[in-house]
Amino acid sequence: MKILVTGGTGYIGSHTCLALISAGFEPVIIDNLCNSKLSVLDRIEEVSGMRPLFYQGDIRDAELLDSIFSEQNIQGVIHFAALKAVGESTQKPYEYFENNISGTLTLLGAMRRAGCYRFIFSSSATVYGDPHAVPIKEDFPRSTMSPYGRTKLMIEQMLEDIEVAEPNWSITLLRYFNPIGAHESGRMGEDPQGIPNNLMPYITQVAIGRRDCLNIFGNDYPTPDGTCVRDYIHVMDLAEGHVKALEVCGHKSGLHIYNLGTGNGVSVLQMVHAFAKASGLEINYKIVDRRPGDVSECWADPSKAQKELGWKATRTLADMTADSWRWQKNNPNGYEA
Ligand code: NAD
Ligand code: UD1
């Protein structure tokens with residue numbers, strides 16, 4: 001069964017290709033390489049034994065999409081391709097709306113023309129805004145605080161409207177919490193360009209000596225140690241969640257919504273200590289001002305996914321930190337190494 005994976009050479013997409021291949025699916029990738037490298041394909045082949053078919057191109061290119069659907073017998077689409085940097089989205093909102101929203105609409109149009117109605121969308125816990133309580137359930141109210149977050153929320157709303165009007169669609173919204181970690185082989189992982197925005201790649205770059213010191217954004221939050229609490233999930237658990245969603249929801253029309261998280265809250269300081277333990281290295285850090293837009297606590301109630309998809313994150317914080325470190329240590333310059 002061929003599955004079109006948009007953004008399939010990116011961080012989560014590439015790990016999901018591994019999980020798809022393990023489960024007997026055949027990923028077909030489209031990616032414009034705006035935030036990933038071609039050599040990811042070599043690594044997918046090395047780790048899985050299968051080289052996915054690859055189309056270098058843009059999801060806003062309707063003609064290219066039509067030709068992919070006519071050349072390949074695509075049975076479903078997992079849609080990762082998007083711009084994702086929250087800070088950058090406030091500087092370039094047009095580019096974010098154009099890429100993420102126009103791109104999704106163009107993709108949905110091509111799917112309709114091809115008669116392919118099985119769709120899984122990469123959403124984010126960012127759609128819960130500043131949650132009124134934790135753990136967060138799927139029916140909590142939604143709001144967002146950045147143009148990036150608004151692209152996710154608007155796409156969720158578009159998909160809801162489309163599913164109501166066209167009930168032959170099977171649409172699954174997967175809301176990811178904080179993906180970290182890397183494939184346990186140490187051959188695939190996250191390879192951010194420039195200064196990392198997210199916590200784990202920043203920590204690993206301090207550990208490898210590429211950055212001097214981690215800035216911890218605030219220690220005066222109403223949390224046990226004053227630093228923010230998040231739900232970090234191993235990228236391979238997340239990848240496997242997509243396979244489950246495809247297997248379970250792919251056969252059911254309608255709209256399906258799941259949190260993909262572990263259900264455990266971990267503070268920034270706890271993460272620094274867990275990483276130090278996994279790597280045997282001290283992480284140099286200092287406390288600086290809060291980062292605008294950060295919420296104090298955000299973690300999932302993942303019980304709906306467990307009940308309905310039979311999926312549960314199994315990898316521990318020790319696994320996540322050890323795998324992140326193995327990837328960084330073995331590939332100090334990411335995929336350029
Ligand atoms: P990533 O940047 O590593 O991967 C996205 C891929 O999409 C990249 O390879 C990029 O080149 C490609 N792409 C972007 N725009 C494209 C376009 N117009 N046409 C073709 N390809 C295009 O990001 P990721 O971390 O793997 O995230 C994947 C998805 O998950 C995104 O939709 C992101 O918003 C969502 N998400 C990520 C996180 C996270 O923490 N990483 C959390 C929640 C949701
Ligand atoms: C960020 C995004 C969110 C996105 C998520 C996953 C913001 C405001 N939110 O969430 O929309 O869905 O990534 O991609 O950017 N931290 C530091 N120092 C650092 C980096 C981070 O102290 O150098 C702290 C942050 O303040 C936060 C925690 O570490 O408390 C996690 O940060 P990050 O990895 O950026 O994820 P989120 O803030 O949860």
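Because the structure is a prediction, the values reported are computed rather than measured. (Residues numbered from 1 in each chain as written. Chains lettered and ligands numbered in written order. Predicted model: local features only at pLDDT ≥ 70, side-chain atom pairs only at ≥ 80, totals over all residues. Heavy atoms only, no water.)

Novice: Which residues make up the environment of aspartate 66, and what values go with them?
Specialist: For aspartate 66, the location among the structural elements is in helix α3 (residues 62-71). A C-alpha to C-alpha distance of 19 Å links aspartate 66 and proline 52, two positions 14 residues apart in sequence. Once residues lying within four places of it in the same chain are set aside, the contact partners of aspartate 66 are Ala110 and Arg113. (Helix = DSSP H or I, 4+ residues; strand = E, 2+ residues; numbered from the N terminus. Contact = heavy atoms within 4.5 Å.)

Novice: Pulling in residues and values, what's your account of the site of ligand 1?
Specialist: In the region of ligand 1, 27 residues are neighbours, and Ile12, Asp31, Asn35, Ser36 and Tyr148 sit closest. One nitrogen or oxygen atom from the side chain of serine 36 is found 2.7 Å from an oxygen atom belonging to ligand 1. Contact with the protein chains hides 95% of the accessible area of ligand 1, taken as 820 Å² for the molecule alone. Breaking the shell around ligand 1 down by element, the ones donating at least two residues are α1 (11-22), β5 (118-124) and α6 (147-165). Among the elements that make up the shell around ligand 1, the one with the highest residue count is β5 (three residues). Residues belonging to the shell around ligand 1 are distributed by class as follows: 11 nonpolar, 11 polar and five charged. (Near = heavy atom within 4 Å. Polar contact = N/O pair within 3.5 Å; in protein donor to acceptor, adjacent residues only side chain to side chain. Areas by Shrake-Rupley, 256 points an atom, 1.4 Å probe, with all protein chains shown as cover. Nonpolar A, V, L, I, M, F, W, Y, C, P; charged D, E, K, R; others polar.)

Novice: Explain unusual backbone geometry to me, using residue names and the numbers behind them.
Specialist: At the junction of valine 134 and proline 135, the peptide bond is cis and its omega measures out at 0 degrees in the coordinates. Among the secondary structure elements, proline 135 is positioned in the loop between β5 and α6.

Novice: Give a description of the sheet that holds β5 that names residues and reports values.
Specialist: Reading across from one edge, β3-β2-β1-β4-β5-β6-β11 is the order of the seven strands in this open sheet, with parallel pairing throughout. Only two strands of the sheet have a single neighbouring strand rather than two, namely β3 (53-56) and β11 (254-260). Across the sheet, the mean angle separating the axes of adjacent strands is 20 degrees when strand polarity is ignored. In the packing of α6 onto the sheet, contacts are made with β5, β6 (170-176) and β11, and the angle to β5 comes to roughly 150 degrees. (Pairing = 2+ DSSP bridges. Axes fitted to C-alpha atoms, helices over the stretch in contact; angles between N-to-C directions.)

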